[in-house]
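# Close look at the chain arrangement
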Amino acid sequence: MKVIMPEPQVPEGATVSFKVEVSAALNVTTYIARRRVNHFLMMTVGNMLHAGAPELLIDQKMKWRVPILYSLPGIGLLGKVGETLVDVSTGDVSFNELTTTESIERHVEALYRSSPLSAGESV
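In what follows, the accompanying structure is described. Model, not experiment: these values are computed from the prediction.

## Describing the overall build of the chain
Looking only at helices and strands, the chain has 2 helices and 6 strands in total. Helices (α) and strands (β) of the chain occur, in sequence order from the N terminus, as β-α-β-β-β-β-β-α. Of all 123 residues assigned to the chain, the portion counted as buried reaches 33%. Within the chain, contacts between residues at least 6 apart in sequence are counted, and of these 48% link residues at least 24 apart. Accessible area for the chain stands at about 8200 Å²; split by element, carbon and sulfur atoms hold 52% of it.

## Looking at unusual backbone geometry
Positioned with a positive phi, Met48 is a non-glycine residue whose angle comes to about 75 degrees. Secondary-structure assignment places Met48 in the loop between helix H1 (30-44) and strand E2 (49-51). Overall, the relative accessible area of 35% leaves Met48 in the partly exposed class.

## Some points on the pairing of strand E3 (residues 55-58)
In regular strands, side chains alternate between the two faces of the sheet. Judged from the 4 bridges that link them, E3 and strand E4 (residues 62-72) form a sheet pairing that is antiparallel. Looking across to E4, one finds that Glu55 is bridged to Arg65.

## Comments concerning H1
End to end, H1 covers 21 Å across 15 residues, agreeing with the expected 21 Å (1.5 Å per residue, within 8%). If you follow the buried residues of H1, they end up packed against E2, E4, strand E5 (76-87) and strand E6 (93-95).

## Quick look at the environment of Val22
With respect to the helices and strands, the residue Val22 is situated in the loop between strand E1 (3-4) and H1. Separated by 36 residues in sequence, Val22 and Ile58 place their C-alpha atoms 8.4 Å apart. With near-sequence residues (within four places) excluded, Val22 lies in contact with Ile58 and Met62.

## Quick look at the environment of Ile104
Checked against the element boundaries, Ile104 lands in helix H2 (residues 101-113). With relative accessibility at 0%, the residue Ile104 sits in the buried group. Sequence separation between Ile104 and Lys80 is 24 residues; the distance between their C-alpha atoms is 9.1 Å. Setting aside its immediate chain neighbours within four residues, Ile104 contacts Val45, Leu49, Ile68, Val81, Phe95 and Thr99.

## Side note on H2
Taking 1.5 Å of rise per residue, 13 residues should cover 18 Å, and H2 covers 18 Å from first to last C-alpha, within 8% of that figure. Among all positions of H2, only Ser103, Ile104, Val108 and Leu111 are buried. Buried residues in H2, looked at end-on, bunch into an arc of 135 degrees, giving them a common side. Structural note: H2 exposes Arg106 and Arg113 on the side pointing more than 90 degrees away from its buried face. Contact partners of the buried residues in H2: E2, E4, E5 and E6.

Rules used in this analysis
Residues numbered from 1 in each chain as written. Predicted model: local features only at pLDDT ≥ 70, side-chain atom pairs only at ≥ 80, totals over all residues. Heavy atoms only, no water. Helix = DSSP H or I, 4+ residues; strand = E, 2+ residues; numbered from the N terminus. Buried < 20%, exposed > 50% of the residue type's maximum accessible area, 1.4 Å probe, protein only. Contact = heavy atoms within 4.5 Å. Areas by Shrake-Rupley, 256 points an atom, 1.4 Å probe, with all protein chains shown as cover. Pairing = 2+ DSSP bridges. Expected span 1.5 Å × (residues − 1). Arc of directions from axis to C-beta.

Structure follows, in structure tokens:
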């Protein structure tokens, strides 16, 4: 499991030491987070998108940060098109601050255009 923390605000040249102790009700496992994201994507964006491997994000609230991946049958994974966040306590799914339905659609279109299918190649 990878833990991601926001960038610390420390002065240049400072010596720092980190000791992290965090507690939260971890009601949502990585497996459940991926299932919830897959359902969320199907209901809000469409098919051909799926959840990648979650990373634990420790900020004001603990959340799973789950990449949104785009794949095509016969080709496989084309790339990452966004990210979702899943609350570890409640299981609530949302897009991160940089991901919107429109941004996902733009990324999908760009990846599709660069795929062998778009170029007319057979798979």
